[in-house]
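Inside the fold
Single-letter residue listing:
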Amino acid sequence: MRVRRAATLLSALLPAVLFLSLGTGPAQAAGYRYWSFWDRDGDRWAYATQGPATARPSDGDVQGFRFAVSANSQDAAQPRGAADFDVICARTPARDDRKRVALVLDFGTAADAPSGETPPARRTACASVAPDATTAEALAAVAKPLRYDTNALLCAISGYPGKGCGEQVSGDGKQDAAAEKTAGGEDDGGPSLGLLAGGAAVAVLGAAAVWQTRRRRRD
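All residue numbers refer to positions counted from 1 along the written sequence of the respective chain. Note on the predicted model: pLDDT of at least 70 is required for a residue's local features to be given, and 80 or more for side-chain atom pairs to be given and counted; whole-chain, interface and lining totals, by contrast, use all residues. Computation of side-chain values: all heavy atoms of the structure, hydrogens and water removed.

Attention now moves to the overall build of the chain. When you go through the chain residue by residue, the secondary structure sums to five helices and eight strands. Working definition: helices are DSSP H or I runs of at least four residues, strands are E runs of at least two. Numbering for both runs from the N terminus. The order of α-helices and β-strands along the chain, N terminus first, is α-β-β-β-α-β-β-α-β-β-β-α-α. Type-normalised accessible area, obtained with a 1.4 Å probe on protein chains alone, sets the label of each residue: buried when under 20%, exposed when over 50%, and partly exposed for intermediate values. By the burial criterion, 32% of the 219 residues in the chain qualify as buried. We call two residues in contact whenever any of their non-hydrogen atoms come within 4.5 Å of each other. Long-range contacts, defined here as pairs at least 24 residues apart, represent 65% of the contacts in the chain between residues at least 6 apart. Surface accessibility in these figures is a Shrake-Rupley result with a 1.4 Å probe; residues are shielded only by whichever protein chains are displayed. Roughly 13,200 Å² of accessible area belongs to the chain as shown, and the carbon and sulfur atoms make up 53% of that amount.

Okay, structure coming up:
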């Protein structure tokens, strides 16, 4: 009877033990801190299908950039605020030999900012550029200094941020310490606290069952 009770207790507690061991992993997925690039489609934003170095907007287009932490294009934060071409380019006259591109520059929130940096206020600008100019050229006309990495990834607009480029960060916006560790680092491959706690609980329950069995045999 005691053996049967011990087995029943072990079976009842195993789901809780597994929950403990699996439920203490990372609560938030890692993301990347970067400038995302957007096209204005009517009254909504659409994630750009080309990079600013190859996209060639037409006269009257509205494009946006947003600095934020996100995992991919599906959850990327969009530029905030109004984005009306007629308002943004109201003071830039049309010319036959130029095209006008309205740009929305959203430097993001303090939560997305790298440590020690403060995001500038969101602003808009109207770039008057050559008819065949790319978005990168339009951006350079109104938002210098720009900074790119060796792979032509846009790292900074108007000097923001001052350093870093597409670095991986944890779900709470802090730089991912694991990403900075070299192979074989002291934390690499280590068991989680939850797994250790779960293993300890299973060991305790198993020992209890064995003890009950031995006691039953003596009786």
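So, next bit.
Along the chain, valine 142 turns up in helix α3 (residues 135-142). Along the sequence, valine 142 and threonine 124 sit 18 residues apart, while their C-alpha atoms lie 9.4 Å from each other. Non-local contacts of valine 142, meaning those with residues more than four positions away in its chain, are made with Leu103, Arg123, Ala125, Cys126 and Ala127.

Aromatic pairing here means that ring centres of Phe, Tyr or Trp (its six-membered ring) are within 6.5 Å. Orientation follows from the plane angle: under 30 degrees is stacked, over 60 is edge-to-face, and everything else is tilted. Summed over all chains, the structure comprises six aromatic pairs. Consider the rings of tryptophan 35 and phenylalanine 107, whose centres lie 5.4 Å apart with planes at 85 degrees: the pair is edge-to-face. Of this pair, tryptophan 35 sits in strand β1 (residues 31-41) while phenylalanine 107 sits in the loop between β4 (99-106) and β5 (123-129), placing them 72 residues apart in sequence. Overall, the relative accessible area of 6% leaves tryptophan 35 in the buried class. Exposure remark for phenylalanine 107: the relative accessible area of 2% places this residue in the buried category. A centroid spacing of 6.0 Å and a plane angle of 70 degrees characterise the contact between phenylalanine 107 and tyrosine 160, whose relative ring orientation is edge-to-face. On the criterion of sequence distance, the pair formed by phenylalanine 107 in the loop between β4 and β5 and tyrosine 160 in the loop between β7 (154-156) and β8 (168-169) is long-range, its members being 53 residues apart. Residue classification places tyrosine 160 among the buried positions, given a relative accessible area of 4%.

Ranked by size, the top nonpolar core spans 20 residues in total, and within it Trp35, Phe65, Leu103, Leu105, Leu139 and Ile157 carry the most contacts. Of all the secondary structure elements, the ones that give two or more residues to this core are β1, β3 (62-70), β4, β5 and α3. Ranked by residue count, the leading element in this core is β4, at three residues. Residues grouped as a nonpolar core are buried Ala, Val, Leu, Ile, Met, Phe, Trp, Tyr and Cys residues, joined through side-chain atoms within 4.5 Å.

Moving on to α3. Inspection of α3 places Thr135, Ala136, Ala138 and Leu139 among the buried residues, and these make up the whole buried set. Projected onto a plane normal to the axis of α3, the buried residues spread over an arc of 160 degrees and lie on a single side. Those residues of α3 that are buried lie in contact with β1, β3, β4, β5, β6 (147-148) and β7. Read the arc as the range of directions from the helix axis to the C-beta atoms.

When two cysteine sulfur atoms are found within 2.5 Å, that pair is recorded as a disulfide. Inspection of the entire model under this criterion finds two disulfides. Note that cysteine 155 is cross-linked by a disulfide to cysteine 165, the S-S spacing being 2.0 Å. Disulfide cysteine 155-cysteine 165: the torsion about the S-S bond is -75 degrees, which places it as left-handed. Placement of the pair is cysteine 155 in strand β7 and cysteine 165 in the loop between β7 and β8, with a sequence separation of ten residues. Owing to a relative accessible area of 3%, cysteine 155 belongs among the buried residues under this scheme. Residue cysteine 165 is classed as partly exposed on the basis of its relative accessible area, which comes to 25%. Regarding the disulfides, the chain carries the connectivity 1-2, 3-4 under sequence-order numbering of its bonded cysteines.

Here we come to the environment of alanine 111. Its location among the elements puts alanine 111 in the loop between β4 and β5. We classify alanine 111 as exposed; its relative accessible area is 58%. Once the C-alpha coordinates of alanine 111 and valine 69 are considered, the two residues, 42 residues apart in sequence, prove to be 8.8 Å apart.

The next subject is the pattern of salt bridges. Salt bridge criterion: a side-chain nitrogen from Lys or Arg within 4 Å of a carboxyl oxygen from Asp or Glu. Under the definition given, this model contains four salt bridges. Between aspartate 106 and arginine 80 there is a salt bridge, with the nearest N and O atoms lying 2.8 Å from each other. Linking aspartate 106 in strand β4 with arginine 80 in the loop between β3 and α2 (85-88), this pair joins segments that are 26 residues apart in sequence. Judged by relative accessible area, aspartate 106 falls into the buried class, the value being 0%. Among the ionic pairs, aspartate 97 bridges to arginine 95, the shortest N-O distance being 2.9 Å. What emerges from the salt-bridge pattern is a single network uniting Arg66, Arg80 and Asp106.

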